[in-house]
Amino acid sequence: MSLHDSINDSRHKLELIKDILILPPTNSKKVKKAIKKYVPNRNIGDETVLLLIDNTILRSGKQGMIITSKMLHSFSNISGKFSIPLKDIDSLSPQVRRALGNPQYGIVLNSKNFLSLPGLTEDNHILRELIECEGMLVGEELSPAIIYLSIFLNRLLECEIIMEKEDDPGPPPWYDN
């Protein structure tokens, strides 16, 4: 099954998380802003944005993540800008880091890049049931939204999922200049 089909098949579950847009129109203002902010050379070529996560309060698309058929592109003030080929993602780990005492939800990719997803705080019984069907439990610190997205990405990318809490990475910013 293609990435497009896998994402589309999971649409109703992923859309339980308010920050996620599935197959957004490429010419939409939000997608154009995301490409401008996250993507090197501001160009995704002939690829289609399959999934967009908008981290912004006003829903501008200026911070977040996009997945195309080949790449994951991300930008946030707290974890910087990075792009990684999907085929190069070997592991992911849902984590909560702290910035000035405030929780910063996200996913650590390949034990290196922190994908900051602060809006993924949804907690509802449907997400909890989906997670429990995968044989996992929601602890006290991680949100069901970040756990479910991690499970989905684990299946989509066929990579390892690491559920153990990471060692303290220290204060932000969590990227190399």
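Residues numbered from 1 in each chain as written. Predicted model: local features only at pLDDT ≥ 70, side-chain atom pairs only at ≥ 80, totals over all residues. Heavy atoms only, no water.

**Notes on the pattern of salt bridges**
The full count for this structure, using the stated rule, is nine salt bridges. A salt bridge links lysine 30 to aspartate 54, with the shortest nitrogen-to-oxygen separation between them at 3.2 Å. Taken together, the residues lysine 30 in helix α3 (residues 29-38) and aspartate 54 in strand β2 (residues 51-54) connect sequence positions 24 residues apart. Salt bridges sharing common partners tie together Arg98, Glu141 and Lys165. (Salt bridge = Lys/Arg side-chain N within 4 Å of Asp/Glu carboxyl O. Helix = DSSP H or I, 4+ residues; strand = E, 2+ residues; numbered from the N terminus.)

**Concerning the nonpolar core**
Leu51, Leu72, Ile107, Leu109 and Leu149 are the most contacted members of the largest nonpolar core, which totals 40 residues. For this core, the secondary structure elements donating two or more residues are β1 (20-22), β2, β3 (64-67), β5 (80-85), β6 (91-99), β7 (102-109), α4 (125-133) and α5 (144-157). Here this core takes 10 residues from α5, the largest share from any one element. Contacts of leucine 72, omitting those with residues within four sequence positions, involve Met65, Ile66, Ile67, Phe82, Ser83, Ile84, Leu86, Ile89, Leu109 and Leu115. Core analysis: the second largest hydrophobic core is formed by 10 residues, Val39, Val49, Leu52 and Phe75 among them. (Core = buried A, V, L, I, M, F, W, Y, C linked by side-chain atoms within 4.5 Å. Buried < 20%, exposed > 50% of the residue type's maximum accessible area, 1.4 Å probe, protein only. Contact = heavy atoms within 4.5 Å.)

Fair warning: the whole summary comes from geometry, so function is off the table for now.
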